[in-house]
Every structure is written in structure tokens, then in C-alpha cells.
Amino acid sequence: MITWLRQHFFAIADALGQMRHAPGNFCFNVVVLSMTLFLPFAGVTLLENLQTTTGRLDVEPEISLFLKTELSREEALAVEPHIQRIVKGQGEKARISFVSKEKALAALQKKEGVSNIVSTLGKNPLPDGYLIKLDAREGDLHFSAQVESIAQQLEKLPQIHRVQIDSAWIKRLAALVRIIRLCILFLGVTLGIVMVAVIFNTIRLQVLTRIDEITLIRTVGASRAYIRRPFYYTGVFHGLVAGALAMGMVFAALNLLNGALSELAYLYATEIRIAPPAPPVITLLLLSSAALGWIGALLSVNRHLGRIN
């Protein structure tokens, strides 16, 4: 065990020594790699904020029913059994609330600019209605279609003037988040391949410049693992430092962006802020960048040292 640890210590020292002997090349490669990693890191940060925002939203589907204005209160209340029959016919559970025209008007008058609606029109223009809250089922791909089916059946009732699904915009937002997730995944894979290619070329140049040294230590009996190990650590260090620099760029961009957003939010009397990635996400991103560096080094070493052996 001690021998194994000593070999890894020597490999790490060798890798750090090679980077110290050529600091210009190391810094240039790290800057290129960090620019490559910045976009997927920023995309993950944006996606995490969107998922947090959508997770706070009430995703419980709501269906608003507006009855015809000529219906009496007794006729309006008699609609509820028909609504229950349609909802239960679809196998759904729901909470059905009757919203009188007086209650709807009182809620509307609390909004700015419409407080004098009755005095202007001379009467209450709002109809009686119902609010149906369905129990959401996470992961059910057919639930959205069932909600649409319920709305279509309710619209056929003769007492109904209009049916509105109030949570449709939340579904569109969730679909947008899924599209953004796929785009970030595609971007990450593409730029990850670019990063592997950069590391591959960097290690290739190191192997070629140290070809005489490698041949010598191979002649005196050094194992293949001993020869390859420093190059692996070189790739890992490149990926890890580039990932840390890219994450620093993300934090700097967030500070600038949040400063601009705070001014915009002040004008609308609200709060808009993009939060930085959580520590587990940062750790995962840094480990991913280090892993990409290791993969690039592994491919390069296997290709070029294999010819020597």
C-alpha cells in the first residue's frame, strides 16, 4: 500500500513539474478549456434556477367554468352534479367550488383600475362559475390529455359559456424547461468532446517531447502504468483547474447579471435574482471536468505510447 501511494505521489510530482516547466502552455490550455466549459456550466446554472422556480409553482391543474349570464342561481347550482359526473367518469379526483358572480366581482374590484366597474356599467357583468382543482399526478404522461378531455366534455354542457384551463401556461413552462435541458445536454456533450480533443493534443505533445526519457525508463524496467500515470494526472489537473476557472467565470457573470436584474426588478417592485449553483452541483461539475481531462489523457496515452511499446 505504501509503495502504491509513493508511486502516485511521484506521478503527481512529475505532472506538476511538467506544468511548472511550461507555465505558458499550461495557462493557455486552461484558458481555452475554461472558455469551453463556461457555456455548459452557465447552462446548468440557468437550468437549476428554472427548475427551482417551476418547483415553487402550483402545478395543480385548475379548470375555470363560466356559466351563461342568463342562468338563475338555482340553475347555476344545479350544474355541479353534471360536473362531478364528468370528472368521476374520467377517473379523476377534484375539488369543485362554486364561485358566485358577487364573489368574483369583489375579487375583481380589488385589482387596480377596475374598482369602479359596476358604477361604469350599471350592473355586475360577471357570470356565476365553478373552479375545479384536479389532483396532479407526477410522471403520468396521460394526465394532461385527460385534463383536456374533461375540459372538452364540460364545454358541451348547455349551461357552460366558456371553459378555461388555468394551469396551461405552467405546462408550457415545464415543456420549455425540458427543451432547455436537452439543449444543455447536447451543448455539454459537444463541448465535452472538444475538451477531450484539446487534452488529447496536449498530452500528445508531451509524449513526443519526452520520447527519449520514456524510452530510457522503459529500457531499465519501468512498468507501463508507471510511465502512463503522470500523463493521467496531467489531464486531470488540466480539467480540474479549467473547471474551477470556468466556475469562477460563472460567478463573476452572475454578479454582473444580478446587478442589472436588481435595477430592473426595482422598477417592477419585485425581486429577480439568479442563484449560483449549489455546492453539490459545483462538486459534480468539477469532477466532470476532471474526468474529461482524464479521458483525453487516457486516449492520447494509449494511442501514442502503444506505438512505442
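Residues numbered from 1 in each chain as written. Predicted model: local features only at pLDDT ≥ 70, side-chain atom pairs only at ≥ 80, totals over all residues. Heavy atoms only, no water.

## Overview of the overall build of the protein
When helices and strands are tallied, the protein shows 11 helices and four strands. Within the protein, buried positions represent 33% of all 309 residues. The long-range share in the protein, meaning contacts at least 24 apart out of those at least 6 apart in sequence, stands at 84%. Here the protein displays about 18,500 Å² of accessible surface, and carbon together with sulfur accounts for 64% of that area. (Helix = DSSP H or I, 4+ residues; strand = E, 2+ residues; numbered from the N terminus. Buried < 20%, exposed > 50% of the residue type's maximum accessible area, 1.4 Å probe, protein only. Contact = heavy atoms within 4.5 Å. Areas by Shrake-Rupley, 256 points an atom, 1.4 Å probe, with all protein chains shown as cover.)

## Considering the pattern of salt bridges
Under the definition given, this model contains one salt bridge. Arg73 is paired through a salt bridge with Asp128; the nearest N and O atoms lie 3.3 Å apart. Highlighted residues: Arg73 in helix α3 (residues 73-77) and Asp128 in the loop between α6 (117-121) and β3 (129-134), separated in sequence by 55 residues. For Arg73, a relative accessible area of 32% translates into the label partly exposed. The class for Asp128 is buried, based on a relative accessible area of 4%. (Salt bridge = Lys/Arg side-chain N within 4 Å of Asp/Glu carboxyl O.)

## What about the environment of Val44?
For Val44, the position within the fold is in helix α2 (residues 23-56). On the accessibility criterion, Val44 (24% relative accessible area) is partly exposed. Taking the C-alpha atoms as reference points, Val44 and Gly188, separated by 144 residues in sequence, lie 9.3 Å from one another. Not counting the four nearest positions on each side in its chain, Val44 is found in contact with Ile184, Val281 and Leu285.

## Brief notes about the pairing of strand β1 (residues 62-67)
Buried residues dominate β1, accounting for five of its six residues. Two strands pair when backbone bridges link them, and β1 and strand β4 (residues 160-165) are joined in this way by five bridges, in the antiparallel orientation. The partner of Ser64 across the bridge, within β4, is Gln164. (Pairing = 2+ DSSP bridges.)

## Some remarks on a nonpolar patch on the surface
Residues Leu182, Leu185, Val189 and Ile193 make up a contiguous nonpolar surface patch of about 410 Å² in total accessible area. Within the element layout of this structure, Val189 appears in helix α8 (residues 168-209). (Patch = residues over 30% accessible without salt bridge, like charges linked within 9 Å, V, L, I, M, F, W, Y side chains within 5 Å.)

## Details of the sheet that holds β1
In spatial order, the strands read β2-β3-β1-β4; together these four strands make up an open sheet with antiparallel pairing. Each end of this open sheet is capped by a strand with a single partner; those strands are β2 (94-99) and β4. Neighbour-to-neighbour, the strand axes of the sheet open up by a mean angle of 15°, direction not taken into account. (Axes fitted to C-alpha atoms, helices over the stretch in contact; angles between N-to-C directions.)

## Quick notes on the environment of Lys101
With respect to the secondary-structure elements, Lys101 resides in helix α5 (residues 101-109). Classification of Lys101 as partly exposed rests on a relative accessible area of 22%. Sequence separation between Lys101 and Phe66 is 35 residues; the distance between their C-alpha atoms is 9.8 Å.

## Quick look at the side chain of Ser34
Examined against the element boundaries, Ser34 turns out to sit in helix α2. You can call Ser34 buried: its relative accessible area is 1%. Side-chain polar atoms of Ser34 contact the backbone oxygen of Val31, separated by 2.7 Å. When near neighbours in sequence (up to four residues on either side) are disregarded, Ser34 contacts Ala242, Leu245, Ala246 and Met249. (Polar contact = N/O pair within 3.5 Å; in protein donor to acceptor, adjacent residues only side chain to side chain.)

## Some points on the packing of aromatic side chains
Here the distance between the centres and the angle between the planes together describe a pair of aromatic rings. One pass over the structure, following the stated rule, counts three aromatic pairs. With centroids separated by 5.2 Å and ring planes inclined at 65°, the aromatic side chains of Phe98 and Tyr130 adopt a geometry described as edge-to-face. Of this pair, Phe98 sits in strand β2 while Tyr130 sits in strand β3, and the two are 32 residues apart along the sequence. (Phe/Tyr/Trp six-rings, centres within 6.5 Å; stacked < 30°, edge-to-face > 60°.)

## Let's talk about the nonpolar core
Judged by nonpolar contacts, the single largest core of 31 residues is most densely connected at Phe41, Ile203, Phe231 and Leu305. Every element with two or more residues in this core is listed here: α1 (2-21), α2, α8, α10 (224-267) and α11 (279-308). In this structure Leu305 touches Val207, Ile214, Ile227, Arg228, Phe231 and Ser300, once residues within four positions along its chain are discounted. (Core = buried A, V, L, I, M, F, W, Y, C linked by side-chain atoms within 4.5 Å.)

## A word on the environment of Ile96
Position of Ile96 relative to the elements: it lies in strand β2. When the C-alpha atoms of Ile96 and Ile132 are compared, they prove to be 4.6 Å apart, with 36 residues separating the residues in sequence. If sequence neighbours within four positions are ignored, Ile96 has contacts with Glu80, Ile83, Gln84, Tyr130, Leu131 and Ile132.

## Here we look at helix α4 (residues 80-89)
Of the residues making up α4, those classed as buried are Ile83, Ile86 and Val87. On an axial view of α4, the arc spanned by its buried residues comes to 95°, and they lie on one face. For α4, the exposed residues set more than 90 degrees away from the buried face come down to Arg85, Lys88 and Gly89. Two residues or fewer after α4 comes Gly91, characterised by a positive phi angle close to 75°. (Arc of directions from axis to C-beta.)

By themselves these figures say nothing about function.
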